[in-house]
Amino acid sequence: MSGKRKAVCAALTLLTAALVCWIFSNSLKDAAASSSQSGAVRAFLQKILDALFSGSVVLSSHFVRKLAHFSEYALLGAMLFFTYRAYTSERKKFLFPALVAALVPFCDEGLQFFSDGRAPMLTDVGIDLLGCVCGMLFAWVVLLIAAAIGKRKEKKEEKDKKERGESD
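Residues numbered from 1 in each chain as written. Predicted model: local features only at pLDDT ≥ 70, side-chain atom pairs only at ≥ 80, totals over all residues. Heavy atoms only, no water.

(A) Broad picture of the overall build of the protein. Across its full length, the protein carries 5 helices and 0 strands. The N-to-C order of helical and strand elements in the protein reads α-α-α-α-α. The C-alpha radius of gyration of the protein comes to 21 Å, more than 25% above the 15 Å expected for a compact globule of 168 residues. Taken over the C-alpha atoms alone, the protein extends approximately 70 × 40 × 25 Å along its principal axes. (Helix = DSSP H or I, 4+ residues; strand = E, 2+ residues; numbered from the N terminus. Rg over C-alpha atoms; globule rule 2.2 N^0.38 Å.)

This is the structure we're talking about:
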């Protein structure tokens, strides 16, 4: 493994670990702090919706909380996929990132047993898992597009080389 690739692997691993820590820290907040944070996000998003739709769309706190679950786990799914692919190009063995993507939501919800006024919910685990799957699918599509662009560029360079009469 080259030095550059090792650096990319290390950076992605650290970013993914930091994301998991951030997700866990959100679950360790008590109910009042969590509600306050969700309320601030809801107010911000509501201002955007009011500007776009003249106040005809009202955003609930419940929706914002569930959207937060989905979004943070979609990001985690994408990070797990990109991190895994940085280490290996083995496409058929996604057991490790899939296992992490499946375990983190259960651990995350379990942490809420230790937070005042909070309780774990299996529906949140389901939303989290769906977010991970969507994030991994998004990352996979990004890598497919990048590979297609790379192949297209390679073919163009080969064609240009042949037109100039150059050979390897």
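(B) Examining a nonpolar patch on the surface more closely. A grouping of V133, L137, W140, V141, L144, I145 and I149 is seen on the molecular surface, where their side chains present a nonpolar patch of about 640 Å² in accessible area. Summarising the element assignment, I149 is placed in helix α5 (residues 122-163). (Patch = residues over 30% accessible without salt bridge, like charges linked within 9 Å, V, L, I, M, F, W, Y side chains within 5 Å. Areas by Shrake-Rupley, 256 points an atom, 1.4 Å probe, with all protein chains shown as cover. Salt bridge = Lys/Arg side-chain N within 4 Å of Asp/Glu carboxyl O.)

(C) Region of interest: the pattern of salt bridges. Taken as a whole and assessed by the stated rule, the structure comprises 2 salt bridges. Between K66 and D124 there is a salt bridge, and its shortest N-O distance comes to 2.6 Å. On the criterion of sequence distance, the pair formed by K66 in helix α3 (residues 61-87) and D124 in helix α5 is long-range, its members being 58 residues apart. When its relative accessible area of 4% is taken as the criterion, D124 is described as buried. In this structure, D160 and K156 form a salt bridge, with 3.2 Å as the shortest nitrogen-oxygen distance. Of the two residues, D160 and K156 are both situated in helix α5; the distance of 4 residues between them amounts to about one turn of the helix. Residue D160 is classed as partly exposed on the basis of its relative accessible area, which comes to 23%. (Buried < 20%, exposed > 50% of the residue type's maximum accessible area, 1.4 Å probe, protein only.)

(D) View of the layout of surface pockets. Approximately 510 Å³ is the volume attributed to the largest pocket. If you trace the largest pocket, you find 22 residues lining it, with S34, S38, R65, A68 and H69 closest to the centre. Of all elements in the fold, only α1 (3-27), α2 (31-53) and α3 reach the threshold of two or more residues within the lining of the largest pocket. Top contributing element to the lining of the largest pocket by residue count: α3, with 7 residues. Size it by volume and the second largest pocket reaches roughly 180 Å³. Around the second largest pocket, the lining residues are T13, T16, A17, V20, L76, L80, T83, Y84, Y87, F96, P97 and V100. (1 Å grid on protein atoms, 1.4 Å probe; cavity = no way out; pocket = protein on both sides within 12 Å on 5 of 7 lines; lining within 4 Å. Points joined across faces, edges and corners; volume = space filled by probe spheres on them.)

(E) Inspection of α2 at higher detail. Between its first and last C-alpha atoms α2 spans 31 Å; for 23 residues at 1.5 Å apiece the expected length is 33 Å, and the two agree. Buried within α2 are the following residues: S34, S38, Q46 and L49. Two or three places before A32, at the start of α2, stands the capping residue D30, its side-chain oxygen 3.2 Å from that residue's backbone nitrogen. Phi turns positive, to about 50 degrees, at S54, one or two residues after α2. (Expected span 1.5 Å × (residues − 1). Polar contact = N/O pair within 3.5 Å; in protein donor to acceptor, adjacent residues only side chain to side chain.)

(F) Structural view of unusual backbone geometry. Positive phi values are uncommon outside glycine, yet S54 reaches one of about 50 degrees. When you line up the elements, S54 lands in the loop between α2 and α3.

(G) Geometry of the packing of α1 against α3. Between α1 and α3, the shortest axis-to-axis distance is 9 Å and the interhelical angle comes to 155 degrees. The angle between the axes of α1 and α3 places the two elements in the roughly antiparallel class. Where α1 crosses over α3, the handedness of that crossing is left-handed. Within the contact of α1 with α3, the residues separate by chemical class into 17 nonpolar, 4 polar and 3 charged. (Axes fitted to C-alpha atoms, helices over the stretch in contact; angles between N-to-C directions. Parallel < 35°, antiparallel > 145°, perpendicular 65-115°, else oblique. Left-handed = near helix turned anticlockwise from the far one by under 90°. Nonpolar A, V, L, I, M, F, W, Y, C, P; charged D, E, K, R; others polar.)

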